[in-house]
Amino acid sequence: VVSPTDHNHTVRVSGNSMNNAKPVPIENGDYVLVKEQNKAEDHDIVVASLNDPSPRATVKRLRLSANRRIQLRPESLDPGIQNDPAYEREYIKEEVQINGVVEAVFKKKQ
């Protein structure tokens, strides 16, 4: 149920970094319904922006560690993505902006 008081929007996904996400794979060209919020729980799939020299948004699984660090983890069948050491990186809170939590996946038209 989408509440009329929630701020939601859709985002078109580009790439295969979440094509093995559970319960629904998020594939290149799919759309995700995002509930806009700046906080998320451990294991949520989020849309996040990285505060670095080339700001960009990404859709990943949020992992929160005990030392208050953040990981943005892919869930992909692509070995190149699975083995990319960049996804082991831990960020401090100030390096990541949570833009929202994925609420639903709309599959691309075949």
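Note that this is a predicted model, so its numbers are computed, not measured. The numbering scheme is per chain: residues are counted from 1 as the chain's sequence reads. Local features are withheld for residues below a pLDDT of 70 in this predicted model, meaning they are given only at 70 or higher, and side-chain atom pairs are given and counted only at 80 or more; totals for whole chains, interfaces and linings count all residues. To obtain the side-chain values, all non-hydrogen atoms of the structure were included, while hydrogens and water were left out.

1. Some thoughts on the overall build of the protein
- Within the protein one finds one helix and six strands.
- Starting at the N terminus, the α and β elements of the protein follow one another as β-β-β-β-β-α-β.
- Computation of the radius of gyration draws on C-alpha atoms, with the globule rule given as 2.2 Å multiplied by the number of residues to the power 0.38. The C-alpha atoms of the protein give a radius of gyration of 14 Å, which matches the 13 Å a tight globule of 110 residues would have.
- A principal-axis box enclosing the C-alpha atoms of the protein has dimensions of 35 × 35 × 25 Å. Only DSSP runs of H or I covering at least 4 residues are called helices, and only runs of E covering at least 2 are called strands; the numbering of each starts at the N terminus.

2. Concerning the side chain of Arg61
- Structurally, Arg61 can be placed in strand β4 (residues 56-64).
- We call a residue buried when its accessible area falls under 20% of the maximum for its residue type, exposed when it is over 50%, and partly exposed in between, using a 1.4 Å probe and counting protein chains only. The buried category is assigned to Arg61, whose relative accessible area is 13%.
- Separated by 2.6 Å, the side chain of Arg61 and the backbone oxygen of His43 make a polar contact. Two N or O atoms form a polar contact when they lie within 3.5 Å of each other; inside protein one atom must be a possible hydrogen donor and the other a possible acceptor, and for residues adjacent in sequence the pair counts only when both atoms belong to side chains.

3. Notes on the sheet that holds strand β2 (residues 31-36)
- Within the open sheet, the six strands sit side by side as β1-β2-β6-β3-β4-β5. Their pairing is antiparallel. Edge positions in the sheet fall to β1 (8-12) and β5 (70-73), since each of these pairs with one other strand and no more. Shown here is a sheet whose adjacent strand axes are inclined to one another by a mean of 50 degrees, direction ignored.
- Two strands pair if DSSP finds at least two bridges between them. When β1 meets β2, the two strands line up antiparallel, connected through five bridges. Each residue of the ladder has a partner; that of Val11, found in β2, is Val32. Axis definition: a line fitted to C-alpha atoms, limited for helices to the stretch in contact. Angles are taken between N-to-C directions and run from 0 to 180 degrees.

4. Notes on the layout of surface pockets
- Definitions used throughout: a 1 Å grid over protein atoms alone; a cavity as a set of points that fits a 1.4 Å probe which cannot get out; a pocket as an open set with protein on both sides within 12 Å along at least five of seven lines; a lining residue as one with an atom within 4 Å of a point. Grid points are joined across faces, edges and corners, and a volume is the space filled by probe spheres set on the points. Approximately 440 Å³ is the volume attributed to the largest pocket.
- Elements with a minimum of two residues in the lining of the largest pocket: β4 and β6 (96-106).
- Gly is placed with the polar residues, together with every amino acid not listed as nonpolar (Ala, Val, Leu, Ile, Met, Phe, Trp, Tyr, Cys and Pro) or charged (Asp, Glu, Lys and Arg). Considered class by class, the residues forming the lining of the largest pocket number seven nonpolar, four polar and five charged.
- Each pocket or cavity is described by its volume, and for the second largest pocket that value is around 180 Å³.
- What lines the second largest pocket is simply Leu50, Arg56, Ala57, Thr58, Lys60, Leu72, Ala86, Tyr87, Arg89 and Tyr91.
- Of the residues forming the lining of the second largest pocket, the biggest block, four residues, is contributed by β4.
- Considered class by class, the residues forming the lining of the second largest pocket number six nonpolar, one polar and three charged.

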